[in-house]
Amino acid sequence: MPDLQRRFLLASLGVSGAALMLRRPAFAATNFPDKNIAFVIPDGPGGGFDSYVRAITPAMEKALPHKVTVVPTNVPGAGGARAANEIFRARPDGAMIGIFNVPGIYIQQERGNAGFDLEKLTWIGRVGVDHYGLAVGENSRIKSVDDLKALAKQRPVKFTSTGPAGTAYNATLIAAHLLGIRAQLITGYKGSRDYVMGAVRGDSDAVITAIPTLRRMAAGKTLRILATFEEHGSVPGAADATALGQPELANITLQRLVAGPPGLTADIKAALAAAITKALADPQVVGWAKKADAGLAPEGPEQAIATLKGQIAFYNKWKPYLKAGQ
Amino acid sequence: MRRVFGTPIVDYLPALVLWLLTAGYLVTAYGYSVESRVMPALVAWSMLALLMLDLISRTQTRFGRALTRWLNPAAAQVEAASPDRDTARRQFAAVLWLAGLATALLLIGVLYAVPVYVAASLRLRGRRSYTVCLAAGAGMALLVWLLFAVLLQINLYPGLLFGGA
Amino acid sequence: MLHVWLSGIEGLLQLRELTFLALGMAIGLVFGAIPGLGGSTALALLMPLTYGLEPFTALALSGGVMGAVPMGGSITAILLNAPGTAPNAATCIDGYPLAQQGKAGLAIGAAASANSLGGIIGTISVLAVLPVAKELVLLFGPPEFFLLAILGLVVVATTSRGKMLRGLVTGGFGLMVAFIGYDNVSGDVRFTYGVEYLWDGVRLVPALIGLFAVAEMINLMVKGGAVARDAGTVKITRTMSGVIETFRHPGTVLRGSLVGTVVGAIPGVGGVVASFLSYSLTVQASKDPDSFGKGNIEGVIAPEAAINAKDCSALIPTLAFGIPGGAEMAVFLGILVLHGLQPGPLMLIQNQTEIYGLVWALTASCILASCIGLLLIRPLAMVTLIESEVLAPIVICIALVGSFAIDGQIGNVVVTAVFGILGYLMLRFDYPRLTVVVALVLGGTAERSFHQAMMMNNGSWSIFVDRWVSALLLAVIVILLGSPALRILTRRVRKRPIAVEEPQT
C-alpha cells in the first residue's frame, strides 16, 4: 500500500498502543483507599436508593483514612440485576461497592439468567431498613383491618402493586396471606410512587408499601394508615404486628445493604465498614435523614450477612405460595 | 431490475421483510400466557393485514392503484424513480460506515473508536490531508473524554476486547 | 394568592439566586442540544453541586436548567434533524426542511419566540391550576391513561395524510417494538430472545436519536452536499421575521401551549406526546395540511409552544404527589429530597414560596434561553453549510456516544445504529417516522393501562363509560375517527364541480 497510508496506519496503531500501556496497575491493599471509590446505585438518579447514597458519600469521604472521592454511580437496568452483575464481576480492590435492595435483588437472582450470586459477595454493612404498612384511601369506608377482612369474605380485596418481579408484589401477597385476607393484585404500576398513587386515586381498596411513604401520604391527608408491620407500631392509631397477632409480618422489609465484589480482603472490608458506620453517625447525615424521614439502621458486616440470610430464608419459605399465584 | 406486477422488486422488499418479521413475532407471542399475548397478537395480526394491503398497493394492478388512491395518495409519485447503481453503492457504503463505528465502539470502546472513525472517515471519504484527519480524530477524542468521562464521570465503555461486559 | 406569587419573585431577585439561575440556564442550553443528554443528565450532574446551597437557590438552579433545555434541543433539531431531547423530535419534522431550504434563521427565531410564549402561557395556566392540582391529578387513572394513549395514536394516524396506510404500518411496528421486554402486568419477559439488555425494552431516546439524527446523516452521506441544499439561500437575516412569525399564528401558539399544559401534567404521558399531539392537531386544523413536513413554520411553532408549556405543568404531579412525569422530573425529585423538601400534598401547603419561586425561575430561564438562542443564530446557522463528509462523521459520533451516555449501556449504541438504518429505509421507501415515535412512547402505557383498567373492574368494559373523564375522551376519539369520513360525505353532498385531485408529490 502507498507509503503515506502505511505511515498513517502505523501512527494510529502506535497511539493506541501507547494508550494501552497507560492502564494503571493494581495497588496493594494496605494503602487502601488510594483511588476513587465508585458507589454503585441500582437505579437512576432521583430514586430512594440514590438519595441515600448521595447523602452518605460526603460523610464517607470524611471518614475514610485517606483522601479520595466516593462517586455515586448510577447503573440502572434489569431491576437492579445490571448493577449487581457489575459489582459481582469487579476487581476486589475496594474501588467499587454498591447498595442493594434486599429481598428485591434476590428475587432478580431467582429469575435465572442472573450472572451473580448474592451470598458470594462481600457484605459490608447496612444503611437502612424500611418496614411495611397497610393503608386505605382517605375517603374509604374501611376503618380497620377487621373491616378489610370482612370485605374479603364477600370478594377479593384489591391491592395495587408493581409487577411480579417487584418487592411490593411479594410483600403484598405475603402480608395479605398472613392477615387472612383474600387478595387480588392490580399489577403493572411502574414503581412504588406510581402504585401508591393508584391507591390514593381509588384504583384499589388498599395498598401495602413502606412506612415512610405511608406517613408522607397520611400527613397530606390522602391515605389513612390502618396497620404497620412492626413489632412495636410507630404510627399512633394504627395496629402493629403484635396487636394483629402476626409477628411474622415484621419480617416483610426492604433492607438497604452494602456489599463489594467477592474476595475483598478483610482489612479493606473493615475500612469500608468503619467508614459507613461513621458516616451514618455524621450530624449532617442524621439531619438529612430526619428531614427526609429516611430510616438509618446501621449494621456491621456480620450482622448484614445474617440479615441477608434471614431475608432469603423468609422469601424461600414463601416462594411456593407466591409462585402458585394469588 | 426485475418487475413484478409492474413494480421493481426492490420496492416490495420492506413490506415483505416486515411481513416475515411480524409472522415470527406472532409465533413467539403465542408462546406466552394469555394475558401477556393479547395486545401483541392483536397488533401483529393487524400488521399482517395492513402489510398485505401495502404490498398490493405497490403493484400496478387496478386494485393496487385504487388502494393507493384511497389510502396512500401521496405515494403515487414517489415510486417513479428507481435507484441507480451509484446511489445503491453510496447507500451501502453509508450503512457500512455506520455499522463499522457501532462495531468499533463495541469492540475497542469509546475512547479508541471515536478518533479512529473520525480520522478514517475524513481521510477515506473526505479526502482531507493526514494532518487534518489526525488532528480532528484527536480533537474529537478529547472532546468526548472531557464531556463524558471528566464532566459527567461516566465510565467510557472499554470495549469487549478490553474487558467490557 | 398574589402575595405568594410576589414572594416567589422576590426570592428570586437576589444576586445569588440569579447567578445560579443563569448558570443553570447555560448548562441546560448545552445539555439540551446534545442528543442523549438533556435535562435529566444536567440535573444529575448538578445534584452534588447543590449540597451546600439553600433550598431556594437549588430550585433556582434547577429551574434554570429545566427552562433552557428545550431551546437547546430545538437548535439541533432544526439544524441537524437531531432532537436534543425526545419532545424536540416533533420540531425536526418541519424545522429541518426549513434548514435545508436555507431558512434556519427563520426556524430558530420562530422556535425561540414560540418557546417563550409557550412557557409564559404554561406558567399562567399552572399558577391558576396549582390550588386545585391535587384534585385534577387524581382524575386520571388507568382507564383515562388508556384512552389518552389511544387518542394519541389515533390523532397521529389520522394526520399522516396521504400516507395513512404506511403510517398505520409504521405505527404498528412501533407498537410491536414497544411490547419488547419485561411486562409489569403479567411478569412475563417478552420478545427479548434471551438478550439481557432488552429486559428493560427498547429505550425511547436511543431509538429517537437513530431514527432522526443518524438516519438523516446517512441520507446526507448518500446525497452529498450540506444540510442547506443551496448555500446561497442561507439567510441569517430572517431571524426577526422568524420571531414575529409566531405572533402571526396566535391560534397555533395557544393550541400548542394548552395541549402542552394539559398533556404535560399527566405523569408518564408527558413531553413527547405533548409536542407530537400539538403538531398533529395543528396539521388537522390547518387549511393546507399537505404543506407540513416540507417546511411549514407552524410545524415548528406548535411543538415548541407545547414543550415549554409542559415543562411547567409537569411540575404539578411531581410536586403534588412525588410522581415524576419523566426522567428529568425524577432527577429533580431527587434534588428536592436531598434538600429536605418532601414533595407531596403537604408541600403544596407548606412550601408555596419555594414552588412559586421555582415556577418563575423556569419561566425566566425559558425566555433568557430563547434570547441567547437568537443571539447565537448566525454561528449556529453556519452549521448547515458544513459539508456532509465533515458533518456526518462528527454528528454520528456524538449521536452514538451520547446514546451510550444516557445510562452507560453499550446496547444503546446498537439500538441507535439499528434505528438509524431503519430510519433511513423509512425515508427511502417513504414510510412516515412520526407514527413510530408516538407508538413507541404510548404502546407500553396503552397496554398496561388497559390491563389495569380491566383488573380494576373485574374484566368489564363499562369502566370506560362509567367515569366521566373516560367517557369524554372516548367521545373525542370517536369524533376524531369520524371527522374525515364526515368531511368526505359533506363534500359529496355539496356536489361542487371539483376535478379529481392531482396526487401531491
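What counts and how
- Residues numbered from 1 in each chain as written.
- Chains lettered and ligands numbered in written order.
- Predicted model: local features only at pLDDT ≥ 70, side-chain atom pairs only at ≥ 80, totals over all residues.
- Heavy atoms only, no water.
- Helix = DSSP H or I, 4+ residues; strand = E, 2+ residues; numbered from the N terminus.
- Buried < 20%, exposed > 50% of the residue type's maximum accessible area, 1.4 Å probe, protein only.
- Areas by Shrake-Rupley, 256 points an atom, 1.4 Å probe, with all protein chains shown as cover.
- Rg over C-alpha atoms; globule rule 2.2 N^0.38 Å.
- Contact = heavy atoms within 4.5 Å.
- Lys, Arg positive; Asp, Glu negative; His and termini not counted.
- Charge placed at Lys NZ, Arg CZ, Asp CG, Glu CD.
- Buried area = accessible area lost by both parts, 1.4 Å probe.
- Salt bridge = Lys/Arg side-chain N within 4 Å of Asp/Glu carboxyl O.
- Polar contact = N/O pair within 3.5 Å; in protein donor to acceptor, adjacent residues only side chain to side chain.
- Nonpolar A, V, L, I, M, F, W, Y, C, P; charged D, E, K, R; others polar.
- Expected span 1.5 Å × (residues − 1).
- Bend = angle between axes of the 7 residues up to and from the residue.
- Patch = residues over 30% accessible without salt bridge, like charges linked within 9 Å, V, L, I, M, F, W, Y side chains within 5 Å.
- Axes fitted to C-alpha atoms, helices over the stretch in contact; angles between N-to-C directions.
- Parallel < 35°, antiparallel > 145°, perpendicular 65-115°, else oblique.
- Left-handed = near helix turned anticlockwise from the far one by under 90°.
- Phe/Tyr/Trp six-rings, centres within 6.5 Å; stacked < 30°, edge-to-face > 60°.
- Lys NZ or Arg CZ within 6 Å of the ring centre and 35° of its normal.
- Pairing = 2+ DSSP bridges.
- Core = buried A, V, L, I, M, F, W, Y, C linked by side-chain atoms within 4.5 Å.
- Right-handed = clockwise from strand over helix to strand, strands pointing away.
- pLDDT = per-residue confidence, 0-100.

J.: Just to check I follow, could you spell out the overall build of chain A for this structure?
T.: Each helix and strand counted, chain A has eleven helices and ten strands in total. Scored against the burial criterion, the 326 residues of chain A give a buried share of 58%. For chain A, the accessible area works out to roughly 13500 Å², and carbon and sulfur atoms hold 56% of it.

J.: What exactly am I supposed to notice about the overall build of chain C here?
T.: Counting secondary structure elements, chain C contains 24 helices and two strands. Since a compact globule built from 505 residues should have a radius of gyration of about 23 Å, the 22 Å found for chain C is in line with a globular shape. Counting only C-alpha atoms, chain C reaches 65 × 60 × 55 Å along its principal axes. By the burial criterion, 66% of the 505 residues in chain C qualify as buried. Taking the intrachain contacts of chain C between residues at least 6 apart in sequence as the baseline, contacts between residues at least 24 apart amount to 78%. As displayed, chain C has an accessible area near 16900 Å², and 68% of this comes from carbon and sulfur atoms. Across chain C, 28 positive and 28 negative side-chain charges occur, with their mean positions spaced 12 Å apart.

J.: Explanation requested: the interface of chain C and chain B in the structure shown.
T.: How big an interface is tends to be stated in terms of accessible area lost as the parts join. Residue-level contacts link 60 residues of chain C with 65 residues of chain B. Carbon and sulfur atoms make up 75% of the surface buried where chain C meets chain B, a total of about 5700 Å² over both sides. On inspection of chain C and its partner chain B, the count reaches one salt bridge. Salt-bridge contacts for Asp 54 of chain B lead to Arg 166 of chain C; the nearest nitrogen and oxygen are separated by 3.1 Å. One can count 15 residue pairs in polar contact (both at pLDDT 80 or more) joining chain C with chain B. The greatest single-element share of the side of chain C that touches chain B, amounting to twelve residues, is contributed by helix α20 (residues 388-405) of chain C. Among the residues making up the side of chain C that touches chain B, the classes are represented as 41 nonpolar, nine polar and ten charged.

J.: Whenever I open this one, helix α11 (residues 301-323) of chain A confuses me. Can you help?
T.: Residues that lie three or four places apart on an α-helix share one face, since the helix turns once every 3.6 residues. Residue and element names in this part refer to chain A. Relative to the 33 Å expected for 23 residues at 1.5 Å per residue, α11 spans 32 Å between its end C-alpha atoms, a close match to the ideal helical length. In the structure, α11 departs most strongly from a straight axis at Lys 317, where the bend amounts to approximately 40 degrees and where the proline Pro 320 lies between one and four residues downstream. Within α11 the residues assigned to the buried category are Pro 301, Ala 304, Thr 307, Leu 308, Gln 311, Ile 312, Phe 314, Tyr 315, Trp 318 and Leu 322. Where α11 is buried, its residues meet β3 (96-102), α4 (104-110), β4 (122-137), α6 (167-179), β10 (253-260) and α9 (266-281).

J.: What is the right way to look at a nonpolar patch on the surface in this model?
T.: Together, Ile 9, Leu 13, Leu 16, Val 17 and Leu 21 of chain B make up an exposed nonpolar region whose accessible area comes to about 410 Å². With respect to the secondary-structure elements, Ile 9 of chain B resides in the loop between β2 (7-8) and α1 (13-29).

J.: Looking at this model, I keep getting lost on the packing of helix α4 (residues 85-108) of chain B against helix α5 (residues 110-124) of chain B. Mind explaining?
T.: Each pair of packed helices can be summarised by the angle the axes make with each other and by the distance between the axes. Residue and element names in this part refer to chain B. Close contact between α4 and α5 brings their axes to 8 Å; oriented N to C, the two are set at 155 degrees. By the angle between their axes, α4 is roughly antiparallel relative to α5. Remark: the crossing between α4 and α5 carries right-handed chirality. Packed against α4, whose contacting residues are Trp 97, Leu 101, Ala 104, Leu 105 and Ile 108, the element α5 presents Val 110, Tyr 112, Ala 113, Tyr 117, Ala 120, Ser 121 and Leu 124 at the interface. Residues of the contact of α4 with α5, tallied by class, amount to eleven nonpolar, one polar and no charged.

J.: Mind showing me how you'd approach the packing of aromatic side chains here?
T.: Centre distance and the angle of the planes are the two values used to describe a pair of aromatic rings. A full pass over the atoms with the stated rule returns 16 aromatic pairs over all chains. With a centroid separation of 5.5 Å and 90 degrees between ring planes, the pair formed by Tyr 32 of chain B and Phe 191 of chain C is classed as edge-to-face. With one member in each of two chains, Tyr 32 of chain B in the loop between α1 and α2 (34-58) and Phe 191 of chain C in the loop between β2 (189-190) and α10 (204-223) form a pair that bridges those chains. Each ring, one from Trp 97 of chain B and one from Tyr 117 of chain B, has its centre 6.0 Å from the other, and the planes form 70 degrees; the classification is edge-to-face. One end of the pair, Trp 97 of chain B, is in helix α4; the other, Tyr 117 of chain B, is in helix α5, and 20 residues separate them in sequence. Tyr 117 of chain B sits in the buried class, given a relative accessible area of 5%. Of the aromatic side chains, those joined through ring pairs into one cluster are Phe 146, Phe 450, Trp 461 and Phe 464 of chain C. Positioned above the aromatic ring of Tyr 130 of chain B is the side chain of Arg 123 of chain B, whose terminal nitrogen or guanidinium carbon lies 4.5 Å from the ring centre. For the cation-ring pair, Arg 166 of chain C lies above Tyr 431 of chain C, with the distance from its terminal atom to the ring centre recorded as 5.4 Å.

J.: Please clarify how helix α5 (residues 89-100) of chain C should be interpreted in this entry.
T.: Residue and element names in this part refer to chain C. Between its terminal C-alpha atoms α5 stretches 16 Å, which fits the 16 Å expected from twelve residues at 1.5 Å a residue. Most of α5 is tucked away: twelve of the twelve residues are buried. When α5 is considered as a whole, its buried residues turn out to be Ala 89, Ala 90, Thr 91, Cys 92, Ile 93, Asp 94, Gly 95, Tyr 96, Pro 97, Leu 98, Ala 99 and Gln 100. Of the residues flanking the end of α5, it is Gly 102, one or two places downstream, whose phi is positive at about 85 degrees.

J.: Can you help me understand the environment of Asn 316 of chain A in this one?
T.: As for its placement among the helices and strands, Asn 316 of chain A is situated in helix α11. Distance from Asn 316 of chain A to Lys 278 of chain A, taken between C-alpha atoms, is 34 Å for residues 38 residues apart in sequence.

J.: So what exactly am I meant to see when it comes to the pairing of strand β7 (residues 206-210) of chain A here?
T.: One face of the sheet, then the other: side chains in a regular strand alternate in exactly this way. Residues and elements named next belong to chain A. Here β7 lies mainly inside the structure; five of its five residues are buried. Bridge count for β4 against β7 is five bridges, and the pairing is antiparallel. From the neighbouring strand, Gly 133 faces β7, where its bridge partner is Thr 209.

J.: Any chance you could explain the nonpolar core here in plain terms?
T.: If you look at soluble globular proteins, the nonpolar side chains tend to sit buried side by side. Counting 316 residues, the largest nonpolar core has Phe 100, Leu 134, Phe 159 and Phe 229 of chain A, Phe 148 of chain B together with Phe 332 of chain C as the members making the most contacts within it. Take this core: its biggest share by element is 14 residues, from helix α22 (residues 434-456) of chain C.

J.: So what exactly am I meant to see when it comes to the pairing of strand β5 (residues 157-160) of chain A here?
T.: Residue and element names in this part refer to chain A. Of the two faces of β5, both are covered, the one formed by Val 157 and Phe 159 as well as the one formed by Lys 158 and Thr 160. When β5 meets strand β6 (residues 183-186), the two strands line up parallel, connected through four bridges. Within the sheet, the bridge partner assigned to Phe 159 lies in β6 and is Leu 185. The parallel pair β5 and β6 is bridged by α6, and the resulting crossover is right-handed.

J.: Even after reading the chapter, I still don't get the side chain of Ser 313 of chain C, so can you show me in this structure?
T.: All names here are of chain C. With respect to the helices, strands and loops of the structure, Ser 313 is situated in helix α14 (residues 298-313). Note on Ser 313: relative accessible area 0%, which makes it buried. In this view, Ser 313 contacts Val 126, Gly 260, Thr 261, Gly 264 and Ala 265; residues no more than four positions away in its chain are not counted.

J.: I'm lost on the pattern of salt bridges in this one. Help?
T.: Oppositely charged side chains can form a pair if their charged atoms are brought close together. Per the counting criterion, the structure on display carries 21 salt bridges over all chains. The closest approach of N and O atoms between Arg 190 of chain C and Glu 447 of chain C, which form a salt bridge, is 2.8 Å. Taken together, the residues Arg 190 of chain C in strand β2 and Glu 447 of chain C in helix α22 connect sequence positions 257 residues apart. What emerges from the salt-bridge pattern is a single network uniting Asp 54 and Arg 58 of chain B together with Arg 166 and Asp 430 of chain C.

J.: Sorry, what's going on with the confidence of the model for chain C here?
T.: All names here are of chain C. For chain C, per-residue confidence averages 82 on the pLDDT scale, and 91% of positions sit at 70 or higher. Predicted confidence in chain C is weakest over helix α17 (residues 345-350), with a mean pLDDT of 73, and strongest over helix α21 (residues 411-428), with 92. Within the model, pLDDT remains below 50 along residues 498-505, and this stretch shows ten contacts once partners closer than five positions in the same chain are excluded. Across the assembled chains, the prediction reports ipTM 0.90 with pTM 0.83.

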